[in-house]
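# Tertiary structure, described
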Amino acid sequence: MSAAIDRRILDLFGIDLPVIQAPMAGATSPDMVVAVSEAGGLGSLPGAMYSAEQLRDALAEIRAKTRRPVGVNFFCHETPRVDPARLAAWRERLAPYYAELGLDPDASDATSRRAPFDENACAVVEAFRPDVVSFHFGLPTASLVERVKRAGAKVISSATTVAEARWLETRGVDGIIAMGAEAGGHRGHFLNEDTTAPLGTLALVPQIVDAVSVPVIAAGGIVDRRGVLAALSLGASAVQIGTAYLFTPEAKIHAVFRRALSEPDRTTALTNVFTGRPARGIVNRLMRDLGALSDLPPAFPSAADAVAPLRRAAEARGRDDFSPLWAGQAFPLARSMSSAELTRMLGTGNA
């Protein structure tokens, strides 16, 4: 099989191993990014929840610790119009939980940025000049993409269908992340909101490989060397892996999240009750109570503001009732080790 491996991502990004650490907002730390890149993969920083100043500081910390290639990821969703009636209905539905936890039902928490890529973020990219910039939910405006490319970055984005992959290729991306239904976190869809029959990684990757000329990166359900080899045999040039990195000491996740990851009998599901947009996570109380996919939450990302106080209060009590436990379907297969060891194991079979 080695003779047939597509090396384009290795050559394009200047990395040694075909392993990209998924940029997980709220979980990926600068230390994780550094460890992955130093081990020969591509460490990726999630930029969507940083202010411009915070992003500059995080990137400066990374660059001070490694000169290896690194990536930065951004969301590029449209900022939703405020819908006061829907926001009020959402808070009303959550009010019993506020009462249960002794919280002020009128408390507001608008600290979760999840901001789309804009002029300010682009200016940071131009100043830092990362090797790779990845996008989720499509692409930003053509002018912003062009500025990112002029800064020297390779541009990649996620596709959940062949149609999305073709759309991305016509707009000049350097690579496409084929995101299967098994993947944890927010679905990368942007042309179609239908989540009733998402394609799994084994079905999606070869279809996208056959449909586009740019290299393809497989994502979803890959947590060990077996998954990497399977993805490469389907024509992927590299893999992007997130869930397995949640088991590393460099992951900055709460203790209740780590405990949930250690319970292999728990299942995952696509849900929109935490942010207003479908994402895969370990099933917990809020998902069970409201239904994993509900018509109640307001548009992404505003739904998260009313859930955040509940999450903090429950986590302080050692409960994951209201925590977004983003994880892929294969999380029971993941094992605890350092980010560097994991990267080497995924890329070579030896830690």
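Read on for an overview of the structure. Worth saying up front: this structure is predicted, and the values here are computed from it rather than measured.

## Quick word on the pattern of salt bridges
Charged atoms that come close allow side chains of opposite charge to pair. This model, assessed by the stated rule, comprises 18 salt bridges. Asp321 is the salt-bridge partner of Arg285, the closest N and O atoms lying 3.3 Å from each other. Placement of the pair is Arg285 in helix α11 (residues 285–290) and Asp321 in the loop between α12 (303–316) and α13 (339–348), with a sequence separation of 36 residues. The partner of Asp321 in a salt bridge is Arg319, with the nearest N and O atoms 2.8 Å apart. By relative accessible area, which is 13% here, Asp321 ends up buried. Several salt bridges converge on common partners, so that one network encompasses Glu100, Arg285, Asp289, Arg319 and Asp321.

## Some remarks on the packing of aromatic side chains
Given two aromatic rings, one states the distance between the centres and the angle between the planes to describe the pair. As enumerated under the stated definition, the model contains 9 aromatic pairs in all. Seen in terms of ring centroids, Phe74 and Phe117 are 4.7 Å apart; in terms of plane orientation they differ by 55°. Their pairing is tilted. With a gap of 43 residues between them, Phe74 in strand β3 (residues 70–75) and Phe117 in the loop between α4 (84–100) and α5 (119–128) connect regions that are remote in the sequence. Here Phe74 matches Phe117 in class, with each residue buried. Residues Phe75 and Phe300 carry aromatic rings whose centres are separated by 6.0 Å and whose planes lie at 55° to one another, so their mutual orientation is tilted. With Phe75 in strand β3 and Phe300 in the loop between α11 and α12, the pair connects residues that are 225 residues apart, well separated along the chain. You'll find Phe75 and Phe300 in the same group, each marked buried. Taken together, the ring pairs in this structure connect Phe74, Phe117 and Phe135 into an aromatic cluster.

## Some details on empty space enclosed by the protein
The final tally for this structure, using the stated rule, is 1 cavity of 30 Å³ or more. Empty space within the largest cavity amounts to approximately 30 Å³. Ile20, Leu42, Ser44, Gly71, Val72, Val132, Ser134, Ile156 and Gln240 are the residues that line the largest cavity. Of all elements in the fold, only β3 and β4 (132–136) reach the threshold of two or more residues within the lining of the largest cavity. Of the residues assigned to the lining of the largest cavity, the class counts are 5 nonpolar, 4 polar and no charged.

## Brief notes about the pairing of strand β9 (residues 238–241)
Alternating residues of β9 divide into Ala238 and Gln240 and Val239 and Ile241, and every residue in both groups is buried. Bridge count between strand β1 (residues 19–21) and β9: 3 bridges; the pairing is parallel. Its bridge partner lying in β9, Ile20 is registered against Gln240. Sheet topology note: the strand β8 (residues 216–219)/β9 ladder contains 3 bridges and is parallel. Within the sheet, the bridge partner assigned to Ala219 lies in β9 and is Gln240. What joins β8 to β9 is helix α9 (residues 225–233), and the crossover it makes is right-handed.

## Details of the environment of Ala327
As for its placement among the helices and strands, Ala327 is situated in the loop between α12 and α13. The class for Ala327 is buried, based on a relative accessible area of 1%. Here the alpha-carbon distance between Ala327 and Ala58, two residues 269 residues apart in the chain, equals 24 Å. When neighbours within four sequence positions are excluded, Ala327 is seen to be in contact with Gly184, Gly185, Thr243, Leu261, Thr268, Arg280, Gly281 and Ile282.

## Let's talk about unusual backbone geometry
Of note, the amide linkage connecting Phe300 to Pro301 takes the cis form, showing an omega dihedral of 0°. Summarising the element assignment, Pro301 is placed in the loop between α11 and α12. One non-glycine residue, Arg129, lies in positive phi territory at about 60°. At Phe137, a residue that is not glycine, the phi angle is positive and equals roughly 75°. Position of Phe137 among the secondary structure elements: in the loop between β4 and α6 (142–150). Residue classification places Phe137 among the buried residues on the basis of a relative accessible area of 5%.

Calculation criteria
Residues numbered from 1 in each chain as written. Predicted model: local features only at pLDDT ≥ 70, side-chain atom pairs only at ≥ 80, totals over all residues. Heavy atoms only, no water. Salt bridge = Lys/Arg side-chain N within 4 Å of Asp/Glu carboxyl O. Helix = DSSP H or I, 4+ residues; strand = E, 2+ residues; numbered from the N terminus. Buried < 20%, exposed > 50% of the residue type's maximum accessible area, 1.4 Å probe, protein only. Phe/Tyr/Trp six-rings, centres within 6.5 Å; stacked < 30°, edge-to-face > 60°. 1 Å grid on protein atoms, 1.4 Å probe; cavity = no way out; pocket = protein on both sides within 12 Å on 5 of 7 lines; lining within 4 Å. Points joined across faces, edges and corners; volume = space filled by probe spheres on them. Nonpolar A, V, L, I, M, F, W, Y, C, P; charged D, E, K, R; others polar. Pairing = 2+ DSSP bridges. Right-handed = clockwise from strand over helix to strand, strands pointing away. Contact = heavy atoms within 4.5 Å.

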